[in-house]
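Results of the structural survey
The primary structure of each chain is shown beneath.
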Amino acid sequence: MCGIVGYVGPQRAQDVVIDGLRRLEYRGYDSAGVAVVHQGELAVAKRSGKLANLEKELADHPLPPAHTGIGHTRWATHGPPNDANAHPHTGGARRVALVHNGIIENFRELRARIEADDHAFLSETDTEIAAHLVELQVQSGVDLPVAMQRVCQQLDGAFTLVAVDAEDPDRVVAARRNSPLVVGLGDGENFLGSDVAAFIEHTREALELGQDQIVTITRDDVTVTDFWGRPVEAKRFHVDWDLSAAEKDGHDWFMRKEIFEQPRAVADSLIGRRTTAGLLALDEMRLADEEIRDLDKIIIIACGTSFYAGMVAKYAIEHWTRTPVEVELASEFRYRDPIVDQTTLVVAISQSGETADTLQAIRHAKSQRARVLAICNTNGSSIPRESDAVIYTHAGPEIGVASTKGFLTQLVACYLLALYVAQVKGTRYGDEIDEIMVQLEAMPDHIATVLEQAESVYELARAHVGTRSVLFLGRHAGYPVALEGALKLKELAYLHAEGFAAGELKHGPIALIEDGLPVLCVVPPRGRDQLHGKMISGIQEVRARGALTICLAEEGDRKIEPYADHLIRLPQVPVLLQPLVAIVPLQLFACELATALGHDVDQPRNLAKSVTVE
Ligand code: F6R
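Residues numbered from 1 in each chain as written. Predicted model: local features only at pLDDT ≥ 70, side-chain atom pairs only at ≥ 80, totals over all residues. Heavy atoms only, no water.

**Things to note about the overall build of the chain**
- Assigned secondary structure in the chain consists of 19 helices and 24 strands.
- By principal-axis analysis of the C-alpha atoms, the chain measures approximately 80 × 55 × 40 Å.
- For the chain, the residues scored as buried account for 61% of the 614 residues in total.
- Here the contacts in the chain between residues at least 6 apart in sequence split such that 71% fall between residues at least 24 apart.
- Carbon together with sulfur atoms contributes 47% to the accessible area of the chain, which is approximately 22,400 Å² in total.
- On the chain, the mean spot of the 60 positive side-chain charges and the mean spot of the 87 negative ones are 3 Å from each other. (Helix = DSSP H or I, 4+ residues; strand = E, 2+ residues; numbered from the N terminus. Buried < 20%, exposed > 50% of the residue type's maximum accessible area, 1.4 Å probe, protein only. Contact = heavy atoms within 4.5 Å. Areas by Shrake-Rupley, 256 points an atom, 1.4 Å probe, with all protein chains shown as cover. Lys, Arg positive; Asp, Glu negative; His and termini not counted. Charge placed at Lys NZ, Arg CZ, Asp CG, Glu CD.)

**A word on the side chain of Arg176**
- Counting through the fold element by element, Arg176 comes out in strand β8 (residues 172–177).
- Separated by 2.6 Å, the side chain of Arg176 and the backbone oxygen of Ser179 make a polar contact.
- Leaving out residues up to four positions away in the same chain, Arg176 has contacts with Phe159, Thr160, Leu181, Leu209, Gly210, Gln211, Asp212, Gln213, Phe227, Glu354 and Ser382. (Polar contact = N/O pair within 3.5 Å; in protein donor to acceptor, adjacent residues only side chain to side chain.)

**Describing the UniProt feature "domain: Glutamine amidotransferase type-2" (unreviewed entry) in the chain**
- Per the UniProt record, "domain: Glutamine amidotransferase type-2" (unreviewed entry) is found at residues 2–220.
- This span, residues 2–220, is 24% helix and 33% strand, and a straight line between its end C-alpha atoms measures 27 Å. (UniProt positions renumbered as here; feature names shortened; annotations may be inferred.)

**Focus on the pairing of strand β10 (residues 190–193)**
- Of the two faces of β10, both are covered, the one formed by Asn190 and Leu192 as well as the one formed by Phe191 and Gly193.
- Here strand β1 (residues 3–8) runs beside β10; their pairing, made up of 4 bridges, is antiparallel. In the sheet register, Val5 faces β10, and the bridge partner there is Gly193.
- Where strand β9 (residues 182–185) and β10 come together, 4 bridges link them in antiparallel fashion. Considered in β10, the bridge of Leu185 is made with Asn190.
- Hairpin remark: β9 followed by β10, antiparallel, with 4 residues in the connecting loop; positive phi at Gly188, about 75 degrees. (Pairing = 2+ DSSP bridges.)

**Considerations on the site of the ligand**
- Taken together, 15 residues sit near the ligand, with Ser306, Ser350, Ser352, Thr355 and Glu491 positioned nearest.
- Measuring from an oxygen atom of the ligand, one finds a backbone N or O atom of Thr305 at 3.1 Å.
- Expressed as a share of its isolated accessible area of 400 Å², the protein-covered part of the ligand is 90%.
- Looking at side-chain class alone, the shell around the ligand contains 4 nonpolar, 9 polar and 2 charged residues. (Near = heavy atom within 4 Å. Nonpolar A, V, L, I, M, F, W, Y, C, P; charged D, E, K, R; others polar.)

**Some details on unusual backbone geometry**
- Along the chain, His87 connects to Pro88 via a cis peptide bond; the corresponding omega equals 0 degrees.
- Mapped onto the elements of the fold, Pro88 is located in the loop between β4 (68–74) and β5 (89–90).
- Backbone geometry at Asp212 places phi at a positive 55 degrees, although glycine is not the residue there.

If you want it as structure tokens, here you go:
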């Protein structure tokens, strides 16, 4: 939530900052702004709405050719998305400009304290107080890093702050608590960004920052301290993807590009997971076999799409390892006093690695002595940093706000985890694990086969432009797929969409069925006869009440044909792996329907990619 950029170097700061904001716009698009330091003065431009509004303004009125600058793209929390609330904010004397991601919880008390001293505020944000406080500090004679330390010591909440001082033109200072920030290390120039996409065009070398740290960048130097000025060693890392991964590559939307990247993303997430002897080896899995053998419960915590990946994982982990699994929304977890101890493994699933609800849930689990394993796509992010172990997915950057390849690669990581636990606990024989691995390794080709049907799915989607409501049905591992399909449609097409467990329908939701209501049904493979038969009964029931059924069923399934108004064929795969192929047509459907409705698929209204506030 909110994208932040900082730059010091020989290039024109306005251009570097705007390019960085363009790559971070998925984090928030309520307003955008930039501030540069030039000849002892600040120049600030900001506009409500998408970055394009600011770019237009800058095309007409460019900022001076400065070499130090900061920028921000906003997801509004305090105050509506107008020009006044857009960042950067400045202190009263316009000496300090500052951008912020997060929430300063005690901003009202702090503001009241200095308002009494005749400080006028121009916005309704929680951020502006920080600009005033930092400015008061530098006016008192301390330098910007010390000013930032002193202010951070007074703030409660979650924040990344990035500031410049007009009288200190060659440095940018940033602070981080519970919100993301990484440093890009250039040659004679340095960068700050909410994530590496902000500077990937310029460098792939980066520094990971920890909690409660302050970083100062100049052209040639990067210094990191804690909030009390004590030096800190930051961890360096290399970003293993490049600029092309952050470009649309000829597609109309990042989301569509990311859907089509899924065969590659799944294949990459499977690479290097086996030893030459064929055993599963998860490199970053820092849990000892002993600890895994002692586990008596796994709790999966996650939000949104990642939560649905966790629901699929429950079926796989319980089936292959006979270890009980609970799946819980991260935002609920710590508020219900969960039963967690040192024999519990908490698995936190997060594409971004920065979701505040998940991070807080991890902290709660750790305080109860649970071991925490993260499944994450983002190197250098907070969730893997704070976990005991991690399985990285290798989706590459996911820029479309709606998660697609993130979901598929999370599923792969969950299957790998399940099989690894089965291997260590001995709940499956080696040749069974081998067989499942072979099936998993065939999935990229199966996903590619599903993608070949994209045109017919698009046609179906376009035929539903007038639809106001869509239901999704599934059973077993197909149930979370139904929920995820509904989420995709809600967030992109802004339609009423709901996913149900097919068996639950007759306990209430069937009352929603009316003539012509589209119902997308994820039909389990025939290998599970009971499941398949029961699903067909459910489909018959909705069809008998006038629903229009769009069925996703495996190749060769003839029994479904009489009950399907439209049929989308899936490759024949085992039921537990079916989510990897079944979700793909639902992603395509949502993407195309939203496009046909004229919505911005990559930046749906009210959403942001990385939810860094609770
Ligand atoms: C939906 C979507 C969100 C995220 C959720 C968790 O398409 O993207 O529901 O899945 O906000 O985000 P991460 O996985 O980054 O923790």
